[in-house]
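Single-letter residue listing:
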Amino acid sequence: MRPATMAGLMPSGEDTDKRKRFWRGVRLGTPIAVAGFFLAISFGVLAEPVMGNVAPIVMSATLFAGSAQFGALAVFAAGGGAGAAIAAGILLNLRYLPMGIALAPSLRGGALRRALVGQTMVDFSWAVASRGDGRFDPYLMMGATAPCYPAWVGGTAIGVFAGDLIGDPAALGLDAMFPAFFLCLLVEGELRPGLPRTVAALGSLIALALIPFTPAGIPVIAACGAALLGLFDRPERAPAAAEEAA
Amino acid sequence: MSTEVWITIAVLTVAAAVTRAVGPVMLGGRDLPPAIRGVIGLVAPAILAGLVVVQTVGAPEGGAYEIDARVIGVGAAAIALSRGARMLTVVAIAPIVTALARLVG
């Protein structure tokens, strides 16, 4: 950002560190962007006959939320109207509420800046930016999202205009890729012994139990309720917050 | 249909932006009471566990289980993960095994 820093005249450790964390995020996000690219092609292929040429691309560019887009598309494809499509999309995006609350204490700066950082939140980048102790690295999150956005919008456009040539790439097993990603992030980043493991187990049971009885989106939100077990926890993680103040 | 589509895109775009902004705006930039922090620290394992389950055995349109080749692919990835495979390997195994299972099935 600052020319003096870039020239090495006035090295600022903090800026260099932020840039490093951002670029680490870009590296981590690149394989996800590739997967997202194919998923977006799939969205474009499926959306074009239902929504036309322009709307799917605009939707990817402004909404940038895979599950909500597929959810709204499914409603239209089944002959439903705007009300049902909006309801489906909102339910599928509702998890961004608890995700944003979890992210919030790790954000610095004014309200507008924090709101803008919140816009870069997608499942994967949020999860990869979680340090496993309740803190998040917003620079790493923004870096992880950066390659995903053009891949998502570009993939949608390719699906819309070249879908006939490509076919639907979802047949390739792509739908198994994202749960595998989340499983890795869960097991390697979040499953500290004790309460986190209990919460993850409870969360998966809640989701599993609700799948047949609730609309898409609800099981994940309900699983999030397992985090309320933290209310009964002795706050031994408290010192973690002090370090960020530095 | 077209108007319905555009209304949906507009409303969902605004709703998503607000949903993503609420937490950061209301609770950002300050330290929270320990009880809340305890809950916040557990949101990631809870959400990730929910996403894994829903995306592995849930029907994409919701409201039902759907057990198909995905389960085999994610299962294979889970085994690789438990054997200490690297993340990129684990994540590559899932779609490959799923696609093979679909070819065979």
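Treat the numbers as computed from the prediction; the structure is a model and nothing was measured.

Draft legend 1. Local environment of the overall build of chain A. Counting its regular elements, chain A contains 14 helices and zero strands. Mapped in sequence order, the helices and strands of chain A form the string α-α-α-α-α-α-α-α-α-α-α-α-α-α. Burial analysis of chain A (246 residues in total) assigns 51% to the buried set. Across chain A, contacts joining residues at least 24 apart in sequence account for 67% of those joining residues at least 6 apart.

Draft legend 2. Structural context of the packing of helix H2 (residues 13–51) of chain A against helix H3 (residues 55–62) of chain A. Residues and elements named next belong to chain A. In contact at an axis separation of 8 Å, H2 and H3 are set at 135° when each is read in the N-to-C sense. Taken together, the axes of H2 and H3 are oblique relative to one another. For the pair formed by H2 and H3, the contact residues are Ala40, Phe43, Gly44, Ala47, Glu48 and Met51 on the first element and Ala55, Pro56 and Ser60 on the second. Class assignment for the residues of the contact of H2 with H3 results in six nonpolar, two polar and one charged.

Draft legend 3. Focus on unusual backbone geometry. All names here are of chain A. You will see that Phe64, though not glycine, has its phi angle at about 50°, which is positive. Structurally, Phe64 is set in the loop between H3 and helix H4 (66–77). Here Phe64 falls in the buried class, since 22 other C-beta atoms lie within 10 Å of it.

Draft legend 4. Structural detail: the interface of chain A and chain B. Listed as interface residues are 94 residues of chain A and, on the opposing side, 71 residues of chain B. For the side of chain A that touches chain B, the element with the most residues is helix H11 (residues 177–190) of chain A, which contributes 12 residues. Considered class by class, the residues forming the side of chain A that touches chain B number 70 nonpolar, 15 polar and nine charged.

Draft legend 5. Here's a closer look at the nonpolar core. Formed by 111 residues in total, the largest nonpolar core has its most connected members in Ala180 of chain A together with Ala46 and Ala77 of chain B. Per element, the largest residue contribution to this core is 13 residues, and it comes from H2 of chain A. Not counting the four nearest positions on each side in its chain, Ala46 of chain B is found in contact with Val199, Ala200, Gly203, Ala223, Cys224, Ala226 and Ala227 of chain A.

Calculation rules
Residues numbered from 1 in each chain as written. Chains lettered and ligands numbered in written order. Predicted model: local features only at pLDDT ≥ 70, side-chain atom pairs only at ≥ 80, totals over all residues. Helix = DSSP H or I, 4+ residues; strand = E, 2+ residues; numbered from the N terminus. Buried ≥ 20, exposed ≤ 12 C-beta atoms within 10 Å, placed from the backbone. Contact = placed C-beta atoms within 7 Å. Axes fitted to C-alpha atoms, helices over the stretch in contact; angles between N-to-C directions. Parallel < 35°, antiparallel > 145°, perpendicular 65-115°, else oblique. Nonpolar A, V, L, I, M, F, W, Y, C, P; charged D, E, K, R; others polar. Core = buried A, V, L, I, M, F, W, Y, C linked by C-beta atoms within 7 Å.

Keep in mind these values describe shape, not function.
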